[in-house]
Amino acid sequence: MTETATQIELDGQYRALREEAGFLVRNRASLLVKGPDAAEYLQGQLTNDTEALESQGGCYAALLDRKGHLASDMRVLRLENGELWIDLEPGPADAILKHLRTYSIGREVQIDDVTERWATISLIGPRAGELSGFEGLGPEHAQRFRQWDGTDVLGVATDVGIDLLAKAEDATALEGALASAGAVRVSDEAAEIVRVESGRPKFGLDMSSEHMPAEAGIVERAVDFEKGCYIGQEPVARLHYRGKPNRTLRGLRLSAPASHGEPVLLGDREVGTIGTACLSPALGPIALAIVRREAAEGEQLAVGDGSITAEAVELPFV
(Lines give C-alpha, C1' and ligand atoms only; values in the text may rest on other atoms or scores of the structure.)
Protein backbone atom coordinates (compact mmCIF):
# COMPACT_ATOMS: atom_id res chain seq x y z
CA MET A 1 0.00 0.00 0.00
CA THR A 2 1.35 3.44 -0.94
CA GLU A 3 1.99 6.14 1.64
CA THR A 4 -0.94 8.16 0.26
CA ALA A 5 -3.30 5.18 0.44
CA THR A 6 -2.16 4.45 3.99
CA GLN A 7 -2.83 8.04 5.03
CA ILE A 8 -6.28 7.95 3.44
CA GLU A 9 -7.06 4.78 5.37
CA LEU A 10 -5.77 6.34 8.60
CA ASP A 11 -7.85 9.46 7.99
CA GLY A 12 -10.95 7.28 7.60
CA GLN A 13 -10.23 5.46 10.86
CA TYR A 14 -9.66 8.76 12.64
CA ARG A 15 -12.94 10.10 11.35
CA ALA A 16 -14.72 7.01 12.66
CA LEU A 17 -13.15 7.52 16.10
CA ARG A 18 -14.21 11.15 16.21
CA GLU A 19 -17.64 10.89 14.60
CA GLU A 20 -18.86 7.29 15.08
CA ALA A 21 -16.99 4.50 16.91
CA GLY A 22 -13.95 2.33 16.24
CA PHE A 23 -12.43 -0.59 18.11
CA LEU A 24 -9.08 -2.31 18.62
CA VAL A 25 -7.62 -5.01 20.88
CA ARG A 26 -5.36 -3.54 23.55
CA ASN A 27 -2.06 -5.00 24.72
CA ARG A 28 -2.43 -4.64 28.49
CA ALA A 29 -1.21 -6.63 31.49
CA SER A 30 -3.90 -7.51 34.04
CA LEU A 31 -3.55 -8.32 37.74
CA LEU A 32 -6.31 -9.48 40.08
CA VAL A 33 -5.94 -8.52 43.75
CA LYS A 34 -8.24 -10.20 46.24
CA GLY A 35 -8.55 -11.08 49.90
CA PRO A 36 -9.76 -9.28 53.07
CA ASP A 37 -6.73 -6.94 53.08
CA ALA A 38 -6.67 -6.16 49.35
CA ALA A 39 -7.90 -2.54 49.36
CA GLU A 40 -6.04 -1.62 52.54
CA TYR A 41 -2.84 -3.13 51.15
CA LEU A 42 -3.04 -1.22 47.87
CA GLN A 43 -3.80 1.94 49.84
CA GLY A 44 -0.26 1.83 51.21
CA GLN A 45 1.30 1.12 47.83
CA LEU A 46 -0.46 3.32 45.27
CA THR A 47 -0.87 7.08 44.89
CA ASN A 48 -4.68 7.16 44.76
CA ASP A 49 -7.38 6.28 47.29
CA THR A 50 -8.18 2.61 46.67
CA GLU A 51 -10.00 2.12 49.97
CA ALA A 52 -12.60 4.70 48.96
CA LEU A 53 -13.49 2.92 45.72
CA GLU A 54 -17.07 1.76 45.59
CA SER A 55 -18.26 -1.39 43.87
CA GLN A 56 -18.20 -1.01 40.07
CA GLY A 57 -16.03 2.09 40.32
CA GLY A 58 -12.34 2.75 39.85
CA CYS A 59 -9.50 5.23 39.61
CA TYR A 60 -6.23 6.02 37.87
CA ALA A 61 -3.14 5.56 40.04
CA ALA A 62 0.62 4.97 40.05
CA LEU A 63 3.19 2.96 41.94
CA LEU A 64 6.30 4.99 42.80
CA ASP A 65 9.75 4.34 44.15
CA ARG A 66 10.85 5.95 47.41
CA LYS A 67 12.11 9.05 45.62
CA GLY A 68 8.68 9.61 44.09
CA HIS A 69 9.57 8.44 40.57
CA LEU A 70 7.15 6.36 38.54
CA ALA A 71 7.44 2.57 38.54
CA SER A 72 4.24 2.43 36.46
CA ASP A 73 0.84 4.02 36.07
CA MET A 74 -2.29 1.84 36.09
CA ARG A 75 -6.07 1.63 36.19
CA VAL A 76 -7.60 0.18 39.36
CA LEU A 77 -11.17 -1.14 39.28
CA ARG A 78 -13.23 -2.41 42.19
CA LEU A 79 -15.29 -5.19 40.68
CA GLU A 80 -18.84 -5.99 41.71
CA ASN A 81 -17.58 -8.93 43.83
CA GLY A 82 -15.20 -6.65 45.74
CA GLU A 83 -12.00 -7.84 44.08
CA LEU A 84 -9.61 -5.28 42.63
CA TRP A 85 -8.51 -5.35 39.01
CA ILE A 86 -5.32 -3.60 37.93
CA ASP A 87 -4.37 -3.11 34.29
CA LEU A 88 -1.17 -1.49 33.09
CA GLU A 89 1.35 -1.39 30.27
CA PRO A 90 3.06 -4.77 29.71
CA GLY A 91 6.61 -3.40 30.02
CA PRO A 92 6.70 -2.78 33.78
CA ALA A 93 4.14 -5.48 34.64
CA ASP A 94 6.57 -8.18 35.84
CA ALA A 95 8.34 -5.74 38.16
CA ILE A 96 5.03 -4.44 39.53
CA LEU A 97 3.75 -7.97 40.15
CA LYS A 98 6.97 -8.90 41.95
CA HIS A 99 6.81 -5.74 44.06
CA LEU A 100 3.17 -6.23 45.06
CA ARG A 101 3.71 -9.87 45.97
CA THR A 102 6.89 -9.13 47.94
CA TYR A 103 5.33 -6.45 50.13
CA SER A 104 2.09 -8.41 50.67
CA ILE A 105 3.79 -11.04 52.84
CA GLY A 106 1.93 -11.36 56.13
CA ARG A 107 -1.31 -9.91 54.76
CA GLU A 108 -4.48 -11.66 53.66
CA VAL A 109 -4.12 -10.69 50.04
CA GLN A 110 -3.57 -12.68 46.85
CA ILE A 111 -2.24 -11.19 43.61
CA ASP A 112 -2.71 -13.17 40.40
CA ASP A 113 -1.45 -12.41 36.90
CA VAL A 114 -4.55 -12.93 34.72
CA THR A 115 -3.19 -11.33 31.55
CA GLU A 116 -3.47 -14.46 29.43
CA ARG A 117 -7.03 -15.18 30.55
CA TRP A 118 -8.64 -11.86 29.64
CA ALA A 119 -8.84 -9.55 26.63
CA THR A 120 -9.43 -5.80 26.56
CA ILE A 121 -11.04 -4.25 23.51
CA SER A 122 -11.27 -0.45 23.38
CA LEU A 123 -14.31 1.07 21.69
CA ILE A 124 -13.62 4.75 21.02
CA GLY A 125 -15.97 7.43 19.76
CA PRO A 126 -19.26 9.21 20.45
CA ARG A 127 -21.36 6.18 19.53
CA ALA A 128 -19.40 3.75 21.72
CA GLY A 129 -22.19 3.36 24.29
CA GLU A 130 -24.93 3.06 21.70
CA LEU A 131 -23.21 0.43 19.56
CA SER A 132 -22.06 -1.69 22.52
CA GLY A 133 -25.25 -1.59 24.58
CA PHE A 134 -23.56 0.36 27.38
CA GLU A 135 -25.43 3.64 26.89
CA GLY A 136 -24.99 6.17 29.68
CA LEU A 137 -22.06 4.38 31.30
CA GLY A 138 -20.00 6.92 33.25
CA PRO A 139 -18.09 8.63 34.75
CA GLU A 140 -14.67 7.30 33.78
CA HIS A 141 -13.93 3.89 35.36
CA ALA A 142 -17.65 3.14 35.98
CA GLN A 143 -18.53 -0.47 35.15
CA ARG A 144 -21.52 -2.45 34.00
CA PHE A 145 -21.91 -6.11 33.07
CA ARG A 146 -23.97 -7.53 30.21
CA GLN A 147 -24.25 -10.58 28.01
CA TRP A 148 -23.79 -9.89 24.31
CA ASP A 149 -24.77 -12.70 21.98
CA GLY A 150 -23.81 -15.22 24.65
CA THR A 151 -20.52 -13.50 25.56
CA ASP A 152 -20.04 -12.15 29.09
CA VAL A 153 -18.73 -8.59 28.80
CA LEU A 154 -17.70 -6.02 31.40
CA GLY A 155 -17.95 -2.48 30.08
CA VAL A 156 -15.68 0.13 31.66
CA ALA A 157 -16.09 3.83 30.87
CA THR A 158 -12.99 5.59 29.56
CA ASP A 159 -12.28 9.23 28.71
CA VAL A 160 -12.92 8.53 25.01
CA GLY A 161 -15.40 5.65 25.01
CA ILE A 162 -15.72 2.23 26.61
CA ASP A 163 -13.31 -0.64 27.27
CA LEU A 164 -14.82 -4.09 26.93
CA LEU A 165 -13.30 -6.83 29.10
CA ALA A 166 -14.02 -10.45 28.16
CA LYS A 167 -12.41 -13.86 28.47
CA ALA A 168 -9.59 -14.30 25.98
CA GLU A 169 -11.38 -17.13 24.17
CA ASP A 170 -14.38 -14.83 23.57
CA ALA A 171 -12.39 -11.94 22.07
CA THR A 172 -12.92 -12.96 18.43
CA ALA A 173 -16.66 -13.30 18.93
CA LEU A 174 -16.78 -9.90 20.62
CA GLU A 175 -14.86 -8.30 17.74
CA GLY A 176 -17.38 -9.80 15.34
CA ALA A 177 -20.28 -8.43 17.39
CA LEU A 178 -18.75 -4.97 17.34
CA ALA A 179 -18.26 -5.05 13.58
CA SER A 180 -21.84 -6.26 13.09
CA ALA A 181 -23.09 -3.41 15.26
CA GLY A 182 -21.39 -0.89 12.97
CA ALA A 183 -18.11 -0.19 14.75
CA VAL A 184 -15.01 0.18 12.56
CA ARG A 185 -11.85 -1.80 13.22
CA VAL A 186 -9.00 0.70 13.65
CA SER A 187 -5.23 0.57 14.02
CA ASP A 188 -3.09 1.38 17.04
CA GLU A 189 -1.82 4.36 15.07
CA ALA A 190 -5.32 5.84 14.75
CA ALA A 191 -6.06 5.31 18.44
CA GLU A 192 -2.74 6.92 19.36
CA ILE A 193 -3.75 10.11 17.55
CA VAL A 194 -6.83 10.37 19.77
CA ARG A 195 -4.72 9.73 22.89
CA VAL A 196 -2.20 12.42 21.97
CA GLU A 197 -4.96 14.91 21.16
CA SER A 198 -6.43 14.16 24.61
CA GLY A 199 -3.07 14.96 26.21
CA ARG A 200 -2.75 11.67 28.09
CA PRO A 201 0.84 10.41 28.44
CA LYS A 202 1.75 6.74 28.02
CA PHE A 203 4.25 4.98 30.25
CA GLY A 204 7.30 3.93 28.26
CA LEU A 205 6.75 6.57 25.58
CA ASP A 206 5.96 9.90 27.19
CA MET A 207 6.86 9.20 30.82
CA SER A 208 9.22 6.77 32.51
CA SER A 209 10.97 5.87 35.75
CA GLU A 210 12.90 9.12 35.40
CA HIS A 211 9.77 11.18 36.05
CA MET A 212 7.61 12.13 39.01
CA PRO A 213 3.82 12.38 38.63
CA ALA A 214 3.93 16.19 38.54
CA GLU A 215 6.44 16.15 35.70
CA ALA A 216 4.27 13.71 33.74
CA GLY A 217 1.16 15.86 34.20
CA ILE A 218 -0.84 13.12 35.95
CA VAL A 219 -1.12 14.49 39.51
CA GLU A 220 -4.72 15.64 39.15
CA ARG A 221 -5.88 12.21 37.99
CA ALA A 222 -3.51 9.90 39.87
CA VAL A 223 -2.66 11.39 43.26
CA ASP A 224 -4.84 11.80 46.36
CA PHE A 225 -3.18 14.19 48.83
CA GLU A 226 -5.68 13.48 51.63
CA LYS A 227 -5.09 9.73 51.96
CA GLY A 228 -2.61 8.00 54.24
CA CYS A 229 1.00 7.11 53.56
CA TYR A 230 2.20 5.29 50.45
CA ILE A 231 5.58 4.64 48.89
CA GLY A 232 7.04 7.89 47.54
CA GLN A 233 4.47 10.11 49.25
CA GLU A 234 6.88 12.54 50.92
CA PRO A 235 8.73 13.79 47.81
CA VAL A 236 5.46 13.98 45.85
CA ALA A 237 3.75 16.01 48.59
CA ARG A 238 6.80 18.23 49.11
CA LEU A 239 6.93 19.08 45.41
CA HIS A 240 3.18 19.72 45.33
CA TYR A 241 3.00 22.04 48.33
CA ARG A 242 6.40 23.72 48.38
CA GLY A 243 7.82 23.83 44.88
CA LYS A 244 7.37 23.55 41.16
CA PRO A 245 8.54 20.65 38.99
CA ASN A 246 11.60 21.41 36.90
CA ARG A 247 9.95 19.59 34.00
CA THR A 248 6.36 19.36 32.84
CA LEU A 249 4.27 17.70 30.13
CA ARG A 250 3.54 19.93 27.15
CA GLY A 251 1.80 19.65 23.85
CA LEU A 252 3.84 20.57 20.79
CA ARG A 253 2.45 21.87 17.51
CA LEU A 254 5.07 20.95 14.94
CA SER A 255 5.97 22.36 11.54
CA ALA A 256 6.62 18.81 10.25
CA PRO A 257 6.32 15.25 11.60
CA ALA A 258 8.86 14.30 14.28
CA SER A 259 9.95 11.03 15.87
CA HIS A 260 10.05 9.65 19.38
CA GLY A 261 13.27 10.53 21.21
CA GLU A 262 14.28 13.52 19.10
CA PRO A 263 15.68 16.37 21.22
CA VAL A 264 13.59 19.48 21.86
CA LEU A 265 15.58 22.73 21.95
CA LEU A 266 14.95 26.18 23.39
CA GLY A 267 17.55 28.29 21.68
CA ASP A 268 20.76 26.28 21.87
CA ARG A 269 19.72 24.38 24.99
CA GLU A 270 18.12 20.93 25.01
CA VAL A 271 15.04 21.07 27.23
CA GLY A 272 13.51 17.65 26.61
CA THR A 273 12.77 14.95 24.06
CA ILE A 274 9.78 14.03 21.93
CA GLY A 275 7.50 11.44 23.53
CA THR A 276 4.66 10.38 21.23
CA ALA A 277 4.47 12.16 17.87
CA CYS A 278 1.71 11.76 15.30
CA LEU A 279 0.12 13.35 12.27
CA SER A 280 -3.40 14.38 13.26
CA PRO A 281 -5.84 14.75 10.34
CA ALA A 282 -7.46 17.62 12.26
CA LEU A 283 -4.43 19.39 13.72
CA GLY A 284 -1.44 18.38 11.62
CA PRO A 285 1.84 17.23 13.21
CA ILE A 286 1.65 17.23 17.01
CA ALA A 287 3.49 15.60 19.89
CA LEU A 288 3.68 15.15 23.64
CA ALA A 289 6.94 15.93 25.42
CA ILE A 290 8.13 16.38 28.98
CA VAL A 291 10.22 19.53 28.82
CA ARG A 292 11.91 21.89 31.25
CA ARG A 293 9.55 24.47 32.70
CA GLU A 294 11.22 27.36 30.87
CA ALA A 295 9.72 25.87 27.70
CA ALA A 296 6.45 27.47 28.72
CA GLU A 297 3.23 27.64 26.75
CA GLY A 298 3.71 29.84 23.71
CA GLU A 299 7.47 29.35 23.52
CA GLN A 300 8.93 28.70 20.09
CA LEU A 301 11.10 25.57 20.13
CA ALA A 302 13.09 23.48 17.68
CA VAL A 303 13.26 19.72 17.21
CA GLY A 304 16.20 17.57 16.15
CA ASP A 305 18.66 19.45 13.97
CA GLY A 306 16.44 22.53 14.05
CA SER A 307 14.71 21.92 10.73
CA ILE A 308 11.45 21.29 12.58
CA THR A 309 9.97 24.09 14.67
CA ALA A 310 7.48 23.63 17.50
CA GLU A 311 5.18 25.73 19.64
CA ALA A 312 4.52 24.64 23.23
CA VAL A 313 0.76 24.61 23.83
CA GLU A 314 -1.70 23.83 26.59
CA LEU A 315 -3.10 20.32 26.88
CA PRO A 316 -5.35 18.75 25.84
CA PHE A 317 -5.16 19.58 22.15
CA VAL A 318 -8.82 18.53 21.83
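Preceding this section is the structure that the text describes.
Throughout what follows, the structure given in this document is the object of discussion. Sequence order as written defines residue numbering, which begins from 1 separately in each chain. In keeping with the predicted nature of the model, local features appear solely for residues at pLDDT of at least 70, side-chain atom pairs appear and are counted solely at 80 or more, and the whole-chain, interface and lining totals rest on all residues. As a rule here, side-chain values cover all heavy atoms of the structure and leave hydrogens and water aside.

1. A short note on the nonpolar core
Working step 1: Core analysis: the largest hydrophobic core is formed by 33 residues, its most contacted members being Leu70, Met207 and Ile218.
Working step 2: Of all elements in the fold, only helix 1 (3–19), strand 3 (57–64), helix 6 (188–198), helix 8 (219–222), helix 9 (233–242) and strand 15 (284–292) reach the threshold of two or more residues within this core.
Working step 3: Helical segments are the DSSP runs of H or I of at least four residues, strand segments are the runs of E of at least two, and each set is numbered from the N terminus. With five residues, helix 6 is the single largest residue contributor to this core.
Working step 4: When near neighbours in sequence (up to four residues on either side) are disregarded, Ile218 contacts Tyr60, Leu70, Pro201, Met207, Pro213 and Val223.
Working step 5: Here, the term nonpolar core denotes a set of buried Ala, Val, Leu, Ile, Met, Phe, Trp, Tyr and Cys residues that are joined through side-chain atoms within 4.5 Å. Summary of the burial criterion: residues with accessible area below 20% of their type's maximum are buried, those above 50% are exposed, and those between are partly exposed, where the area comes from a 1.4 Å probe applied to protein chains only. Membership of the second largest hydrophobic core comes to 23 residues, among which are Val76, Leu88, Leu97 and Leu100. When checking whether two residues touch, look at their non-hydrogen atoms; a contact exists if any pair is within 4.5 Å.

2. Remarks on the packing of aromatic side chains
Working step 1: Ring pairs are drawn from Phe, Tyr and Trp, using the six-membered ring of Trp, whenever the two centres fall within 6.5 Å, and their geometry is named by plane angle: stacked under 30 degrees, edge-to-face over 60, tilted for the rest. Taken as a whole, this structure holds two aromatic pairs when the rule is applied.
Working step 2: Seen in terms of ring centroids, Trp85 and Trp118 are 5.8 Å apart; in terms of plane orientation they differ by 90°. Their pairing is edge-to-face. With Trp85 in strand 5 (residues 84–88) and Trp118 in strand 7 (residues 118–124), this residue pair connects regions lying 33 residues apart in the sequence.
Working step 3: Given a relative accessible area of 5%, Trp85 falls into the buried group.
Working step 4: Assessed through its relative accessible area of 31%, Trp118 is described here as partly exposed.
Working step 5: Aromatic pair Phe225 and Tyr241: ring centres 5.7 Å apart, planes at 70°, arrangement edge-to-face. Highlighted residues: Phe225 in the loop between helix 8 and helix 9 and Tyr241 in helix 9, separated in sequence by 16 residues.
Working step 6: Using a relative accessible area of 23% as the deciding quantity, one classes Phe225 as partly exposed.

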